[in-house]
Each structure stands twice: as C-alpha cells, then as structure tokens.
Amino acid sequence: MADRKNNETTSWNADEVRRQQTQRKQRKKMRRTRFWAIYCAGVVLASCLLAGLGWLIVNDVCALNKAPLTATVEIEKGDSVGQIASKLKKAGIIKYKLLFVITSPLFHAKDTIQPGSYELNTDMDYNCIIDSMQQGSSVAGTVKVTIPEGYSVQETIQLLADSDVSNVEDLTEAAKNHVFDYTFVDNENLGSITRLEGFLFPDTYEFFHKEDAVSALDRLLSNFQTRVSGDLLTDIENSQYSLREIVTLASIIEKEAIGDDEERANISSVFYNRLSGDNSEIGTALQSDATIYYALHIAGMDDTQFSTDLDSPYNTYKYGGLPAGPICNPSLSSIKAAVHPNDTGYYYFAYGKDGVSHFFRTYDEHLAFVNSDMYAPD
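These figures come from a predicted structure and were not determined experimentally.

Q: What am I meant to see in helix α10 (residues 243-256) here?
A: Since the α-helix advances by 3.6 residues per turn, residues separated by three or four positions end up pointing in the same direction. In this model α10 runs 20 Å from its N-terminal to its C-terminal C-alpha over 14 residues, within 8% of the 20 Å that 1.5 Å per residue would give. Within the sequence span of α10, burial applies to Ile246, Val247, Thr248, Leu249, Ala250, Ser251, Ile252, Ile253, Glu254 and Glu256. For α10, the elements touching its buried residues are α8 (213-227), α9 (230-237), α11 (261-275), α12 (289-298), α13 (332-339) and β5 (348-351).

Now the structure itself:
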C-alpha cells in the first residue's frame, strides 16, 4: 500500500509541476505580447508627436499655412537675437521665439540684422525675414542732417531733435550716461553731456526718423574714429599732447577761425606759442573769448554775463593752459591745424574789416591794430 501511495504522490507532483510551468510560460508570453503592444503603441505615438512637432516647426521656419499678416518691426542697436525674436513673436511674424533663436545661426542672423524699421509679413520664411532686416531694406523714412563744424553737443542734440531723428530727452540721456565703446569717450565720469564734446564729428548723415538715440550719437562717434585715424592719429600720438588735448585745442581754433586752413594753422601757432609761456605778458594763458562763452552756455547763463573774471575751468583768461575740455566739435581742418601749427613768432591776432585775421608778434603791434580803423570788433 505504501508503494501505491508513493506512486500516486509522485504522479500528482509531476502533473502539478507541468501545469505550473505551462501557466508561467503563458504569463511570460502574455507579458511579452503586452510589452511589444505597448512599445509599438509608444513608437506610433512618439512618431505622431514628432511628426506633428516637425510639421509645426516646418510651418514656422518655412512660413507654411500661416494666416496673412503684415507688421512693422523696430530693431534697435544692441538688440540681441533673443530680443529680436521676442519682437517678431509679439508682432505675429513668427510663432516660436526659441525656435528662431536656435535656428538663427543657420541664417547668420547675428551678422545680417541691422538696426532699423522693417515691414515684414507671415509669407516670409526665417531666411527671408533675416535677409530683410538690413538697413538697405528698411521702410522707415530717412532724413539727411548736416551738422555744422563748430556745433556743441547741446546744439547737435537740438538739431537732431528738430530733424525728427530722436528727441532731446533721449539724446541728452544717451550723451550723459550711455557707455560708448570708444577709447576717447570718458565712460568713467557719467552725468554730463560735455564728456562727448569734441567727438561728435561734424558731417552730413542720413538718419532714420525716430532712430534710437544711442544709435544716432554712435554714428557720429564712429565717424570721428574713422576720420581721425591713420597718419593723423599717428601724428597725434607722437605729439606732446593727448588726443583729448589736441581736440580741445582744435575746438578753440574752430571757434576763432573765420577763413582758410592757412589761417587755422596760424591761429594754432599763436596758441602753441602762448602755451609755451615764452611771452611774459601772457604766459601760458590762451585768452580765448570763445572758452568763456562756452562756460556760460553749459552753466545756463546768458552771453551778456561775459566776464574774464568768470570762475570756470573753461576760462582761459583766469587759468593758464588748456581749458577743462573741448568747447565744440571741430572740423578735420581744425584738428589738423592743432597737430601741425605753422612755425611763427605770433602771439596775437585780431579780425580786420577786410574779413581776414591779422597776426602780430608783440602786444604793441596788436594794440595799434585794435585802435585803428581796420579793426572789426567781434
């Protein structure tokens, strides 16, 4: 009996084991089937999502299926690609700011886009948008402005405002406080427009209407850097004076001159001789009325308050040497005269009724001319 029971138990255990193994195989097969079903569904879903995302990307980059829209976008000097993308998105020209930023290197956006006002539309793809944002493509109105030689920063700002380039408030703020990327601009002592005096090069420019104030002033400073370069800049660097001192002297020559380059070089020689201190009657005093008038203007005073006793670092009667800084924006001719004065023994000059300047070596000669009928008072 014992043997029969053992046989039955053995038979049962084998059947149970086979049944369990079969169940495990079935469960494993079901899990594998479920895994592949989920995997395939995930692949299909991911493909659909990627296809949809790709379609959205292509739509924006290639300007497909966009609602018709035209908008004017203002690009200012210093705008980053991200800021430009924000303006384009806000205007409705593009949908995805990040996509524009990511793809912009492919279209050389950083090197291509220039400040200006541009009329863009949703038919333009990214490449076309970027190519359209160049100054030659700008739709903003432009205006030509001639800045006269000898204008001060204050006068230049007013002229630009009157010409609708910008407004006085923005131009004044930029002149006082913007950090311009030029070695000759004093970026350490912000707060006064006099820091740009002498470096807003007088010339004829073409500006956009309502142009960014910083961009407008930067154009004048850039022109100064271009014009005062090469051999002229080398001569300045090899002279006894710094660039700022040369421009300061040139600005006084500009205000005193009424004639040609020869006259400017003679006036320059007068100031060089006075700066040398060889004349005991004058010493190193330049004694230029123009510097006092400038001191009055920046102090908000009237010309009728002119006095050689005015306490100002611009008063070249009261203080010897060069004044505190330039008193206007001089011409290239005056800058060259300041670098290359004529070699004379002149210490004085005065204007004659004949419309030219007369030069003298002694005070007595000067005084005799001033007391004659030939003298033409300022």
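Alright, that's what it looks like, and here's the rest.
Q: Where do I start with the side chain of Ser166 in this structure?
A: The residue Ser166 is located in the loop between α6 (153-162) and α7 (168-177) in this model. Once you skip the residues sitting within four places of it in the chain, Ser166 turns out to touch Leu160, Ala161, Leu171, Glu211 and Ala213.

Q: Would you mind going over the environment of Ile252 with me for this structure?
A: Along the polypeptide, Ile252 turns up in helix α10. With 39 residues separating them along the chain, Ile252 and Thr291 place their C-alpha atoms 7.2 Å apart. Setting aside residues no more than four positions away along its own chain, Ile252 makes contact with Phe271, Leu286, Ser288, Thr291, Pro323 and Ile327.

Q: Where do I start with unusual backbone geometry in this structure?
A: Note: most peptide bonds trans; most residues except glycine with negative phi. Phi at His108 is positive, roughly 55°, even though this residue is not glycine. At Lys210, a residue that is not glycine, the phi angle is positive and equals roughly 60°. A relative accessible area of 62% means that Lys210 is categorised as exposed.

Q: Honestly, the pattern of salt bridges in this entry has me stumped. Any pointers?
A: Two side chains carrying opposite charge are able to pair once their charged atoms lie near each other. Taken as a whole, this structure holds 5 salt bridges when the rule is applied. Salt-bridge contacts for Asp164 lead to Lys210; the nearest nitrogen and oxygen are separated by 2.9 Å. Taken together, the residues span a long stretch of sequence, with Asp164 in the loop between α6 and α7 and Lys210 in the loop between β4 (204-208) and α8 at a distance of 46 residues.

Q: When you look at the environment of Ile130 in this model, what are you seeing that I'm missing?
A: By secondary structure assignment, the location of Ile130 is in helix α5 (residues 126-132). For Ile130, a relative accessible area of 0% gives the class buried. It is 6.3 Å that separates the C-alpha atoms of Ile130 and Ile113, two residues lying 17 residues apart in sequence. Excluding anything up to four places from it in sequence, Ile130 contacts Phe100, Phe107, Ala109, Thr112 and Ile113.

Q: I would appreciate a short explanation of the nonpolar core in the present structure.
A: Nonpolar side chains in soluble globular proteins tend to be buried together. Counting 62 residues, the largest nonpolar core has Leu196, Phe207, Leu217 and Leu221 as the members making the most contacts within it. At 7 residues, α8 tops the list of elements feeding residues into this core. If we skip the residues at most four places from it in the chain, Leu196 touches Val153, Ala175, Phe180, Val185, Leu217, Leu221 and Asn329.

Q: Got a minute to help me understand the packing of aromatic side chains in this structure?
A: Aromatic ring pairs: the centre-centre distance and the angle between the two ring planes describe each pair. Taken as a whole and judged by the stated rule, the model has 16 aromatic pairs. For the pair Tyr346 and Phe359, a centre-to-centre distance of 5.4 Å together with 25° between the ring planes defines the contact as stacked. Separated by 13 residues along the polypeptide, Tyr346 in the loop between α13 and β5 and Phe359 in strand β6 (residues 357-360) bring together distant segments of the chain. You can call Tyr346 buried: its relative accessible area is 18%. Residue classification places Phe359 among the buried positions, given a relative accessible area of 17%. These aromatic residues form a ring-pair network of at least three members: Phe271, Tyr346, Phe349, Tyr351 and Phe359.

Q: So what exactly am I meant to see when it comes to the packing of α11 against α13 here?
A: Helix packing for two helices is described by the angle between their axes and how far apart those axes are. Relative orientation of the contacting elements α11 and α13 amounts to 40°, with a least axis distance of 8 Å. The orientation of α11 relative to α13 falls into the category oblique. α11 and α13 meet at a crossing whose hand is right-handed. Where α11 abuts α13, its residues Asp261, Arg264, Ala265, Ser268 and Tyr272 lie against Ser333, Ser334, Ala337, Ala338 and Val339. A breakdown of the residues in the contact of α11 with α13 according to their chemical character gives 5 nonpolar, 3 polar and 2 charged.

Q: I keep staring at the packing of α9 against α13 and nothing clicks. Help me out?
A: Where α9 contacts α13, the axes come no closer than 10 Å and their chain directions differ by 40°. In this view, α9 runs oblique relative to α13, as classed from their interaxial angle. Of the two possible hands of crossing, α9 and α13 adopt the one that is left-handed. Along the contact surface, α9 presents Leu232, Asp235 and Ile236, while α13 presents Leu332, Ile335, Lys336 and Val339.

Q: How should I be thinking about α7 in this particular structure?
A: By the burial criterion, the buried members of α7 are Leu171, Ala174 and Ala175. The buried residues of α7 occupy one face: seen down the axis, they fall within an arc of 95°. Next to the buried residues of α7 lie α6 and α8. Regarding α7, its N-cap is Asn167, as a side-chain oxygen of that residue lies 3.2 Å from the backbone nitrogen of Glu169 further along.

Q: Help me understand the side chain of Thr248, please; the structure alone is not making it clear to me.
A: Following the sequence through the fold, Thr248 ends up in helix α10. Excluding residues within four positions of it along the chain, Thr248 makes contact with Leu322, Pro323, Gly325 and Pro326.

Q: How do you make sense of a nonpolar patch on the surface when you look at a structure like this?
A: Side chains of Leu98, Val101 and Ile102 sit close together on the surface and give an oily, nonpolar patch of about 280 Å² of accessible area. Counting through the fold element by element, Leu98 comes out in helix α3 (residues 97-103).

Scoring rules and cut-offs
Residues numbered from 1 in each chain as written. Predicted model: local features only at pLDDT ≥ 70, side-chain atom pairs only at ≥ 80, totals over all residues. Heavy atoms only, no water. Helix = DSSP H or I, 4+ residues; strand = E, 2+ residues; numbered from the N terminus. Expected span 1.5 Å × (residues − 1). Buried < 20%, exposed > 50% of the residue type's maximum accessible area, 1.4 Å probe, protein only. Contact = heavy atoms within 4.5 Å. Salt bridge = Lys/Arg side-chain N within 4 Å of Asp/Glu carboxyl O. Core = buried A, V, L, I, M, F, W, Y, C linked by side-chain atoms within 4.5 Å. Phe/Tyr/Trp six-rings, centres within 6.5 Å; stacked < 30°, edge-to-face > 60°. Axes fitted to C-alpha atoms, helices over the stretch in contact; angles between N-to-C directions. Parallel < 35°, antiparallel > 145°, perpendicular 65-115°, else oblique. Left-handed = near helix turned anticlockwise from the far one by under 90°. Nonpolar A, V, L, I, M, F, W, Y, C, P; charged D, E, K, R; others polar. Arc of directions from axis to C-beta. Polar contact = N/O pair within 3.5 Å; in protein donor to acceptor, adjacent residues only side chain to side chain. Patch = residues over 30% accessible without salt bridge, like charges linked within 9 Å, V, L, I, M, F, W, Y side chains within 5 Å. Areas by Shrake-Rupley, 256 points an atom, 1.4 Å probe, with all protein chains shown as cover.

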